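So the chains spell out like this:
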Amino acid sequence: MSLFFAAILLLLVGAPINVKSFVPSSFPSLLGSGKCKPSLQRGHLVYRSSSSSGESSENGEENIRSDLDVMRKILESSWNEDTMGTHIPTTPESAASAAAESIFSAWDNKNGDDDEGKVFMVDIGLPSMDPLSGPNVYDDISAVEFCAELAKRINDKRGQCDLLKTDGRCAIVVKDGNLASRSSRLLDVSDEEEAGDVVEFDDFVDLGFSDDSSEIKKAYRIGSFLGDNEPPSNGPNMMKDIANFVATNAMPKADAKEEDVIIIACPTMSQTELVGVRLLVSQFSSKTIVIVNNRLNPLPRELMLSETVYSVLPLIARSVTGDSKNPKIVLLRRHPNKWEVHVDDSMSENGFQLVSAVEADSVGVRGPSMEWVSESVKTYMQGKFGQ
């Protein structure tokens, strides 16, 4: 199983932070050293390559895996099911289950007289799912695996949701044909292993049942923005070229008729992905579109009315005072709940506690600012420990 663990960011909770005192050599300084204002920068964790830190490649990878394993254990040991949900998002399967519940909730709240689909955002703040984490950490197959697990859970609801076709299917759209081919091969093997305990009866042929396995309907199809083409160069035909690539590879007409949910995997600011996302959202407004770990910044106008239905962002804070009150933080949004800040203060042994919340309608699509999160944690820590 690929890495699917929590990110470490730095949060100031009322005392200066000495970044060098606890950040492993494979982590960059996000806030710098010395004194900082009480704020937390929202951003994407970027790992330095091992060569820049003076470490061997093998040692650098080992350190990264060790650090992320620590954060995974923190999430699993401190997770509060009563306030944070029953699914701890440390694997593609559990994260997909958590995200699917929020998508189903958003569908249930959808206006009955609205025939158009919705654009939902799902943000899993784990470095193996973040395309901006860097090549040593980001696992594109793991990201597609999450999308596939999400598609399976959506398909399980067919027949129970008015917005889903009973005979429909999900489309997963990735950046290019290379990733689509690699992930398809690996996920096909995984699906076959998962179904390995199914007994097949040759006698069904005699009873008139077809034994053609191609008739078994998959929960999803994996397409791509580019296919096997190179990204088009800037020029007068660039937009037309991208539109043709998207029409041919992402949503071919034959597939678009039955696919009612489009899951877009981790788009970045490449010109192809930016234009591709805008095209899909504008051309398929009748479908539900789920964008996983959207890294388009700023948001294009087509996404201004989208909604983040599920988001989990693990954070950790440590000060230079030398005490053991180093809180772990999770910024969480589960539809229809508010954006919530959960803190494990490392002292009370009660796990994550809900300390602050804000209505989703009161903040932007991407959620509350890191300054608000920082102040929420600082207020909680000061009230509890007098910091």
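The structure under discussion appears in the preceding block.
Residues numbered from 1 in each chain as written. Predicted model: local features only at pLDDT ≥ 70, side-chain atom pairs only at ≥ 80, totals over all residues. Heavy atoms only, no water.

(A) Structural view of the sheet that holds strand β2 (residues 169-174). Pairing is mixed across the open sheet formed by nine strands, whose spatial order is β3-β2-β4-β5-β1-β6-β7-β8-β9. The two strands at the open ends of the sheet, each matched to only one other strand, are β3 (220-224) and β9 (353-358). Here the average twist between neighbouring strands, direction ignored, is 20 degrees. Both β2 and β3 contribute to a ladder of five bridges, which runs parallel. Opposite cysteine 170, over in β3, you have tyrosine 220 as the bridge partner. This element, helix α5 (residues 140-155), spans β1 (119-124), β2, β3, β4 (259-265) and β5 (288-292) of the sheet and lies at about 165 degrees to β2. Relative to the sheet, helix α8 (residues 238-250) contacts β2 and β3, its axis offset from that of β3 by approximately 155 degrees. (Pairing = 2+ DSSP bridges. Helix = DSSP H or I, 4+ residues; strand = E, 2+ residues; numbered from the N terminus. Axes fitted to C-alpha atoms, helices over the stretch in contact; angles between N-to-C directions. Contact = heavy atoms within 4.5 Å.)

(B) Expanded view of the pattern of salt bridges. Inspection of every chain in the model, using the stated rule, returns 17 salt bridges. The closest approach of N and O atoms between aspartate 188 and lysine 218, which form a salt bridge, is 2.7 Å. Of this pair, aspartate 188 sits in helix α6 (residues 177-194) while lysine 218 sits in the loop between α7 (203-206) and β3, and the two are 30 residues apart along the sequence. Given a relative accessible area of 33%, aspartate 188 falls into the partly exposed group. (Salt bridge = Lys/Arg side-chain N within 4 Å of Asp/Glu carboxyl O. Buried < 20%, exposed > 50% of the residue type's maximum accessible area, 1.4 Å probe, protein only.)

(C) Local environment of the pairing of β4. Of all the seven residues making up β4, seven are buried; the element is thus mostly covered by neighbouring parts of the structure. With five bridges joining them, β2 and β4 adopt parallel strand pairing. In the strand pairing of β4, alanine 171 is matched with isoleucine 262. Where β4 lies against β5, five bridges are found, and the strand directions are parallel. Residue isoleucine 263 lies in a different strand from β5, and its bridge partner there is valine 290. For the handedness criterion, the β-α-β arrangement of β4, helix α10 (residues 271-283) and β5 is classed as right-handed. (Right-handed = clockwise from strand over helix to strand, strands pointing away.)

(D) Local environment of the nonpolar core. Counting residues in hydrophobic clusters, the biggest one holds 49 residues, and the most contacted among them are Phe146, Leu150 and Ile263. Ranked by size, the runner-up nonpolar core spans 26 residues in total, among them Ile264, Leu280, Phe284 and Leu299. (Core = buried A, V, L, I, M, F, W, Y, C linked by side-chain atoms within 4.5 Å.)

(E) Molecular detail of the packing of aromatic side chains. In this structure the tally under the stated criterion is one aromatic pair. Measuring from centroid to centroid gives 6.0 Å for phenylalanine 104 and tryptophan 107, while their planes differ by 25 degrees, and the two rings are stacked. A residue pair is termed a helical-turn pair when its members lie 3 or 4 positions apart in one helix, as phenylalanine 104 and tryptophan 107 do in helix α4 (residues 92-108) at three residues. For phenylalanine 104, a relative accessible area of 15% corresponds to the buried category. Lying over the aromatic face of phenylalanine 104, lysine 157 brings its terminal NZ or CZ to 5.2 Å of the ring centre. (Phe/Tyr/Trp six-rings, centres within 6.5 Å; stacked < 30°, edge-to-face > 60°. Lys NZ or Arg CZ within 6 Å of the ring centre and 35° of its normal.)

(F) Just the pairing of β2, in detail. Among the six residues of β2, six are classified as buried, and the element is accordingly described as predominantly covered. Burial along β2 is two-sided: Arg169, Ala171 and Val173 facing one way and Cys170, Ile172 and Val174 facing the other are all buried.

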